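# Architecture and fold: a report
Listed below are the residues making up each chain.
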Amino acid sequence: DTEVTQTPKHLVMGMTNKKSLKCEQHMGHRAMYWYKQKAKKPPELMFVYSYEKLSINESVPSRFSPECPNSSLLNLHLHALQPEDSALYLCASSPRQGALGTEAFFGQGTRLTVV
Amino acid sequence: DAKTTQPNSMESNEEEPVHLPCNHSTISGTDYIHWYRQLPSQGPEYVIHGLTSNVNNRMASLAIAEDRKSSTLILHRATLRDAAVYYCILRDVMDDMRFGAGTRLTVKP
């Protein structure tokens, strides 16, 4: 199983809502990543988890709250988002942070619309 | 400050080879060169990676300059399915997997 599964595929939420994005992998990978991608732009790194601990936070606003409850699961909790946060949110995993000679696997993303 | 520089777009004819360049003049000795591509409406997918030597796999070849300051992704026979944005990424010890702007490849029938 070489898949990274993201749910939901699409999400519409109001600015006062609380929602969560979920990412799951069963490859035994210990590094997991969240990216945000706006239309026609490259993915922007948000967070990196290594062995379930937050390793990199790219100064992301606190309305985005990541969580890594176990080695297979990565969540992104959303609260009080703005319309400009509408984007494709991508999750990725890699065997280990710093395992530079290995490939990373990406999910298909969650298309988020904030209204 | 971008770690990699790629042309914004390139065009190719179907069944012809494509050479996608990437400049990474500030590469360090431990940086791996990775290539990913993103097809429309999909997440990025791994293509190939290398450190110093040229690499081949079933998808593509990677040619790395002797000084490692540039590399070229080679698609030997482009198909319509290869139309995508191709990203050249340096994976460093922080392993932050940052994407540059990429090259949008158009394949003409």
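Refer to the structure above for everything that follows.
Reference entry: report on the structure contained in this document. Fair warning: this is a prediction, and the values are worked out from it, not measured in the lab.

## What to know about the overall build of chain A
- Within chain A one finds 0 helices and 11 strands.
- Mapped in sequence order, the helices and strands of chain A form the string β-β-β-β-β-β-β-β-β-β-β.
- Taking 13 Å as the expected radius of gyration for a compact globule of 115 residues, we find that chain A reaches 13 Å, a close match to that expectation.
- Along the first, second and third principal axes, the C-alpha atoms of chain A reach 40 × 25 × 20 Å.
- The proportion of buried residues among the 115 residues of chain A is 50%.

## Regarding empty space enclosed by the protein
Residue and element names in this part refer to chain A.
- Tallied over the entire structure, the rule returns 1 cavity of 30 Å³ or more.
- In this structure, the largest cavity occupies an estimated 40 Å³ of space.
- As for the largest cavity, its lining consists of H29, R30, A31, M32, Y49, Y51, E52, C68, N70 and S71.
- Looking at the lining of the largest cavity, the elements with two or more residues in it are β4 (31-37) and β7 (64-70).
- Split into classes, the residues belonging to the lining of the largest cavity amount to 5 nonpolar, 3 polar and 2 charged.

## As for the nonpolar core
- A:W34, A:F64, A:L76 and A:L78 are the most contacted members of the largest nonpolar core, which totals 23 residues.
- Where this core is concerned, the elements lending two or more residues are β2 (10-13), β3 (18-25), β4, β5 (44-50), β7, β8 (73-79), β9 (87-94) and β11 (110-114) of chain A.
- Within the second largest apolar cluster, 21 residues are counted, among which are B:L39, B:L75, B:A84 and B:V107.

## Details of the state of the cysteines
- The tally for this structure, following the rule as stated, stands at 2 disulfides over all chains.
- Across a sulfur-sulfur distance of 2.1 Å, B:C22 and B:C88 are joined as a disulfide pair. On the S-S bond that ties B:C22 to B:C88, the torsion sits near -80°, and the link is left-handed. Of this pair, B:C22 sits in strand β2 (residues 18-23) while B:C88 is found in strand β8 (residues 84-91), placing the two residues 66 residues apart along the sequence. Taken individually, B:C22 and B:C88 each receive the classification buried, so the pair is uniform in this respect.
- Lacking any disulfide linkage, A:C68 is separated from the closest cysteine sulfur, that of A:C23, by 9.1 Å.
- What makes A:C68 buried here is its relative accessible area of 11%.

## Focus on the side chain of A:D85
All names here are of chain A.
- Take D85: it is sitting in the loop between β8 and β9.
- Within the structure, D85 has its side chain in polar contact with the backbone nitrogen of Q82 (distance 2.8 Å).
- Among residues more than four places away in sequence, those in contact with D85 are K36, R63, F64, L112 and V114.

## Side note on the pairing of β5(A)
Residue and element names in this part refer to chain A.
- Of all 7 residues in β5, 6 are buried, a share of seventy percent or more.
- Counting the residues in the hairpin turn of β4 and β5 gives 6 residues, including K40, whose phi is positive at 65°.
- Hairpin connection of β5 to strand β6 (residues 53-57): 2 residues between the antiparallel strands, including Y51 at a positive phi of 50°.

## Regarding the interface of chain A and chain B
- In this complex, chain A contributes 25 residues to the contact, which on the side of chain B involves 24 residues.
- Buried area between chain A and chain B, both sides added, is near 1,800 Å², and the carbon and sulfur share of it is 54%.
- Area buried by chain A at its contact with chain B is led by A:L100, A:F106 and A:Q108, which between them contribute 30% of it.
- Looking at the side of chain A that touches chain B, the elements that each hand over two or more residues are β4 and β9 of chain A.
- Across the side of chain A that touches chain B, the residue classes break down as 12 nonpolar, 8 polar and 5 charged.

About the cut-offs
- Residues numbered from 1 in each chain as written.
- Chains lettered and ligands numbered in written order.
- Predicted model: local features only at pLDDT ≥ 70, side-chain atom pairs only at ≥ 80, totals over all residues.
- Heavy atoms only, no water.
- Helix = DSSP H or I, 4+ residues; strand = E, 2+ residues; numbered from the N terminus.
- Rg over C-alpha atoms; globule rule 2.2 N^0.38 Å.
- Buried < 20%, exposed > 50% of the residue type's maximum accessible area, 1.4 Å probe, protein only.
- 1 Å grid on protein atoms, 1.4 Å probe; cavity = no way out; pocket = protein on both sides within 12 Å on 5 of 7 lines; lining within 4 Å.
- Points joined across faces, edges and corners; volume = space filled by probe spheres on them.
- Nonpolar A, V, L, I, M, F, W, Y, C, P; charged D, E, K, R; others polar.
- Core = buried A, V, L, I, M, F, W, Y, C linked by side-chain atoms within 4.5 Å.
- Disulfide = S-S within 2.5 Å.
- Polar contact = N/O pair within 3.5 Å; in protein donor to acceptor, adjacent residues only side chain to side chain.
- Contact = heavy atoms within 4.5 Å.
- Pairing = 2+ DSSP bridges.
- Buried area = accessible area lost by both parts, 1.4 Å probe.

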